[in-house]
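# Overview (structure and organization)
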Amino acid sequence: MVLADVDEEALAAAAETVAALGVDVLAVPTDVSRESAVQALAAATLERFGAAHVVCNNAGVVTLADPWSGPLSAWEWVVGVNFWGVIHGVRAFLPLLVGQGEGHIVNTASIAGLLPGIGAHYDATKHAVVALTEDLYTTLGSTGLPVGASVLCPGWVRTGILDAHRNWPAHLGERPEEAFGSDIVSGHVRRAIDEGMTPASVADLVADAVEEPRFWVFPHPDFVEVAELRWRSIAEGRDPALMTDLPGLPPAEQIFTEILASLEEQ
Ligand SMILES: NC(=O)c1ccc[n+]([C@@H]2O[C@H](COP(=O)([O-])OP(=O)(O)OC[C@H]3O[C@@H](n4cnc5c(N)ncnc54)[C@H](O)[C@@H]3O)[C@@H](O)[C@H]2O)c1
């Protein structure tokens, strides 16, 4: 197993955990937003193991910065990791998989790739990951290449995503301020995430999808139902809803009222 992460301490700890299970592990510190780093990861994989079979482009970050009045650096960061990271991953590993005649690529998007609601930076990059993976899948299928592709679109999963700013890259300057009201929203989201699915259960679903093989990995059918409502309103040409209730959160109207109350207090 090859593990890659920009957070070297977390990477070393994960590698130790996996190695303790008796798995042969290679840990490669990697910033996925940099093409050269991901190419080096692919080269290190090939050198150590001679092949790559299942490639998971999973790194992702979220920002609480305001997309329109906040600094552009927040866009550069989120687009760099969530979007360019996946592109670099596919481009670095696809030739290996095609060359060896088998393999599978799993790109982690989010339900936010089908249903905007987390914030413009995140929603936009996750929509892009869904689209590029769908395109990859159809290209592989239409050319008869023996490589599979899946896209993972979860709802809430119990991880450290809300503290993604811990990996804010120094080269982008100062970390952006949080947008007004984001503390209220992130408080609710943090609760939902803490009560969310475990990463291990999501990983099991991914493993099933690779084995079947299946393109869509939807760990949260209740979120897909909300996405379906959105697609129906698109088909009817209706303008986007100002407030959408999401599973695991209080009604959107309540969150909106809390934000207004906090504005009045200031
Ligand atoms: N947690 C959720 O509720 C949820 C829901 C939908 C989708 N996702 C997606 O799941 C994926 C994994 O996130 P998570 O929830 O486990 O969060 P997490 O913060 O626990 O894990 C993200 C990992 O990405 C790493 N990372 C950050 N920047 C990187 C970079 N430039 N290069 C390499 N690694 C980098 C972090 O160090 C961390 O280990 C992300 O793509 C996220 O958008 C999460």
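These numbers come from a predicted model, not from an experiment. (Residues numbered from 1 in each chain as written. Predicted model: local features only at pLDDT ≥ 70, side-chain atom pairs only at ≥ 80, totals over all residues. Heavy atoms only, no water.)

Assignment of secondary structure puts Leu 246 in the loop between helix 7 (221-235) and helix 8 (252-265). A relative accessible area of 14% places Leu 246 in the buried class. Along the sequence, Leu 246 and Gly 117 sit 129 residues apart, while their C-alpha atoms lie 8.5 Å from each other. Ignoring any residue separated from it by four or fewer positions in sequence, one finds Leu 246 in contact with Leu 115, Phe 223 and Val 226. (Helix = DSSP H or I, 4+ residues; strand = E, 2+ residues; numbered from the N terminus. Buried < 20%, exposed > 50% of the residue type's maximum accessible area, 1.4 Å probe, protein only. Contact = heavy atoms within 4.5 Å.)

Okay, the packing of aromatic side chains next. In total, this model carries 7 aromatic pairs according to the counting rule given. Residues Phe 215 and Trp 216 carry aromatic rings whose centres are separated by 4.8 Å and whose planes lie at 85° to one another, so their mutual orientation is edge-to-face. Classification of Trp 216 as partly exposed rests on a relative accessible area of 29%. Through successive ring pairs, a cluster of aromatic residues spans Tyr 137, Phe 215, Trp 216 and Phe 218. (Phe/Tyr/Trp six-rings, centres within 6.5 Å; stacked < 30°, edge-to-face > 60°.)

Let us now look at the nonpolar core. One recurring pattern in soluble globular proteins: nonpolar side chains tend to sit buried together. Counting 42 residues, the largest nonpolar core has Phe 93, Leu 94, Ile 105, Leu 136, Trp 156 and Leu 249 as the members making the most contacts within it. Elements that contribute at least two residues to this core include exactly strand 2 (26-29), helix 2 (35-49), helix 3 (72-100), helix 4 (120-143), strand 5 (148-152), helix 5 (182-194), helix 7 and helix 8. Val 61, Val 78, Ala 164 and Trp 168 belong to the second largest nonpolar core, which has 10 residues in total. (Core = buried A, V, L, I, M, F, W, Y, C linked by side-chain atoms within 4.5 Å.)

This part takes up the pairing of strand 4 (residues 104-108). With 5 of its 5 residues buried, strand 4 lies for the most part within the structure. Every second residue of strand 4 is oriented toward a common face, with His 104, Val 106 and Thr 108 on one face and Ile 105 and Asn 107 on the other, all of them buried. Sheet analysis places strand 4 next to strand 5, joined by 5 bridges and oriented parallel. If you follow Thr 108 over to strand 5, its bridge partner there is Leu 152. In this region the chain leaves strand 4, passes through helix 4 and returns to the parallel neighbour strand 5; the handedness of that crossover is right-handed. (Pairing = 2+ DSSP bridges. Right-handed = clockwise from strand over helix to strand, strands pointing away.)

To continue, consider helix 7. For helix 7, which comprises 15 residues, the first-to-last C-alpha distance of 21 Å matches the rise-based estimate of 21 Å (1.5 Å per residue) to within 8%. When helix 7 is considered as a whole, its buried residues turn out to be Phe 223, Val 224, Val 226, Ala 227 and Ser 233. (Expected span 1.5 Å × (residues − 1).)

Together, Phe 180, Leu 242, Met 243, Phe 256, Leu 260 and Leu 263 give the surface a local cluster of nonpolar side chains, amounting to about 640 Å² of exposed area. Classification of Leu 263 as partly exposed rests on a relative accessible area of 46%. (Patch = residues over 30% accessible without salt bridge, like charges linked within 9 Å, V, L, I, M, F, W, Y side chains within 5 Å. Areas by Shrake-Rupley, 256 points an atom, 1.4 Å probe, with all protein chains shown as cover. Salt bridge = Lys/Arg side-chain N within 4 Å of Asp/Glu carboxyl O.)

Okay, the site of the ligand next. In the vicinity of the ligand, 25 residues are found, and the nearest of them are Asp 5, Asn 58, Tyr 122, Val 157 and Thr 159. Asn 58 is positioned with one of its backbone polar atoms (N or O) 2.9 Å from an oxygen atom of the ligand. Among the residues forming the shell around the ligand, the class breakdown is 11 nonpolar, 9 polar and 5 charged. (Near = heavy atom within 4 Å. Polar contact = N/O pair within 3.5 Å; in protein donor to acceptor, adjacent residues only side chain to side chain. Nonpolar A, V, L, I, M, F, W, Y, C, P; charged D, E, K, R; others polar.)

The subject of this paragraph is the pairing of strand 3 (residues 54-57). Residues Val 55 and Asn 57 point to one face of strand 3 and are all buried, whereas Val 54 and Cys 56, pointing to the other face, are not buried. Sheet topology places strand 3 next to strand 4; 4 bridges connect them, and they run parallel. Paired with Cys 56 across the bridge in strand 4 is Val 106. Crossover handedness for the path strand 3 to helix 3 to strand 4: right-handed.

Turning our eyes to something else, we now look at unusual backbone geometry. Following Glu 212, the chain continues to Pro 213 via a peptide bond in cis, the omega torsion being -10°. As for its position among the elements, Pro 213 is in the loop between helix 6 (199-211) and strand 6 (216-217).

This paragraph deals with the packing of helix 3 against helix 4. Taken N-terminus to C-terminus, the directions of helix 3 and helix 4 make an angle of 15°; their axes are 8 Å apart at the nearest point. Of the possible angle classes, the one that applies to helix 3 and helix 4 is roughly parallel. Crossing of helix 3 against helix 4: the hand is right-handed. Contacts between helix 3 and helix 4 involve Ala 74, Trp 75, Val 78, Val 79, Asn 82, Phe 83, Val 86, Ile 87, Val 90 and Leu 94 on the former and, on the latter, Ala 120, His 121, Tyr 122, Ala 124, Thr 125, Lys 126, Ala 128, Val 129, Leu 132, Leu 136 and Leu 140. Class assignment for the residues of the contact of helix 3 with helix 4 results in 17 nonpolar, 3 polar and 1 charged. (Axes fitted to C-alpha atoms, helices over the stretch in contact; angles between N-to-C directions. Parallel < 35°, antiparallel > 145°, perpendicular 65-115°, else oblique. Left-handed = near helix turned anticlockwise from the far one by under 90°.)

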